[in-house]
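A look at the structure
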Amino acid sequence: MFEQDYVMRMIKEMIRALLKLLFDIDSDTPSAELIQDDNAKNQLITLTDMIDAGNINMAENELYRTISDNNMLDLKVGILFYSYLNNKDDEFLQQNHFSRDEVEMGIRNLAAKFKVSDISNLF
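A brief report on the enclosed structure follows. (Residues numbered from 1 in each chain as written. Predicted model: local features only at pLDDT ≥ 70, side-chain atom pairs only at ≥ 80, totals over all residues. Heavy atoms only, no water.)

Some words on the environment of leucine 80
Heads up, the rule is: Numbering goes from the N terminus for both helices and strands, where a helix is a DSSP run of H or I of at least four residues and a strand is a run of E of at least two. We call two residues contacting when some pair of their heavy atoms lies within 4.5 Å.
Its place among the elements puts leucine 80 in helix 4 (residues 72-86). In this structure, the C-alpha to C-alpha distance between leucine 80 and tyrosine 6, residues 74 residues apart in sequence, is 20 Å. Sequence-distant contacts of leucine 80, defined by excluding residues within four places in its chain, comprise Leu19, Pro30, Ser31, Leu34, Ile35 and Leu44.

Right under this line is the structure:
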């Protein structure tokens, strides 16, 4: 339990650092409201609805299917996706065949795809 809480906090700090350094956003509770573009906001809402329905793997696959590694708005959507996912409790993740470690790996993979893994590697 303690280890998972630690991992959850580290992911939260990683997300916060990425948002601050890349987008100059300082938020303890990042959400879709941080996205001005309606299409990107709707994409994030669709993905988070899939998470809520328990389709985490499908949502993650859809995220990677739709993002382009040269579009910073897509990076923001991805970061907010993993922030939302990280806020789910361990029981929810486990019931839906996902783990906190997979959340961490996802955000690290996203950072690597956009060539900003130096930031995520600080954590």
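Picking up after the structure, the text goes on.
Details of the pattern of salt bridges
Basically, it comes down to this: Put simply, a salt bridge is a Lys or Arg side-chain nitrogen that is within 4 Å of an Asp or Glu carboxyl oxygen. Three exposure classes are used, based on accessible area relative to the maximum for each residue type with a 1.4 Å probe and protein chains only: buried under 20%, partly exposed in between, and exposed over 50%.
Applying the stated criterion across every chain yields a total of eight salt bridges. In this structure, the salt-bridge partner of lysine 41 is glutamate 33, at a minimum N-O distance of 3.8 Å. Here lysine 88 makes a salt bridge to aspartate 52, at a shortest N to O gap of 2.7 Å. A residue pair is termed long-range when its members are at least 10 positions apart, and lysine 88 in the loop between helix 4 and helix 5 (90-95) and aspartate 52 in helix 2 (residues 38-52) qualify at 36 residues. What makes lysine 88 buried here is its relative accessible area of 18%. Connected through shared salt-bridge partners, Arg16, Asp26 and Asp28 make up one network.

Quick notes on helix 4
Put simply, the test is: One less than the residue count of a helix, multiplied by 1.5 Å, gives the span that helix is expected to have. Definition of a polar contact: a pair of N or O atoms within 3.5 Å, with one able to donate and the other able to accept a hydrogen when the atoms are protein atoms, and with sequence-neighbouring residues admitted only if both atoms are side-chain atoms.
Taking 1.5 Å as the rise per residue, helix 4 with 15 residues should run 21 Å; its terminal C-alpha atoms sit 21 Å apart, in good agreement. Most of helix 4 is tucked away, with twelve of its 15 residues classed as buried. Listed in full, the buried residues belonging to helix 4 are Asp74, Leu75, Lys76, Val77, Gly78, Ile79, Leu80, Phe81, Tyr82, Ser83, Leu85 and Asn86. Its side-chain oxygen placed 2.9 Å from the backbone nitrogen of leucine 73, asparagine 71 serves as the N-cap of helix 4.

Focus on the nonpolar core
Stated precisely, the cut-off is as follows: Residue types Ala, Val, Leu, Ile, Met, Phe, Trp, Tyr and Cys, when buried and joined through side-chain atoms within 4.5 Å, form a set referred to as a nonpolar core.
Core analysis: the biggest nonpolar cluster contains 37 residues, and Ile79, Phe81, Tyr82, Leu85, Ile107 and Leu110 have the highest contact counts within it. Taken together, the elements giving at least two residues each to this core come down to helix 1 (2-23), helix 2, helix 3 (56-66), helix 4, helix 5 and helix 6 (100-113). The leading source of residues in this core is helix 1, at eight residues. With sequence-adjacent residues up to four places away left out, tyrosine 82 is seen in contact with Ile15, Glu60, Leu63, Tyr64, Val103, Gly106, Ile107 and Leu110.

Here we look at the environment of asparagine 57
Topologically, asparagine 57 is positioned in helix 3. A sequence separation of 41 residues divides asparagine 57 from phenylalanine 98, and the C-alpha atoms of the two residues are 7.7 Å apart. Aside from chain neighbours lying at most four places away, what touches asparagine 57 is Asn96, His97 and Phe98.

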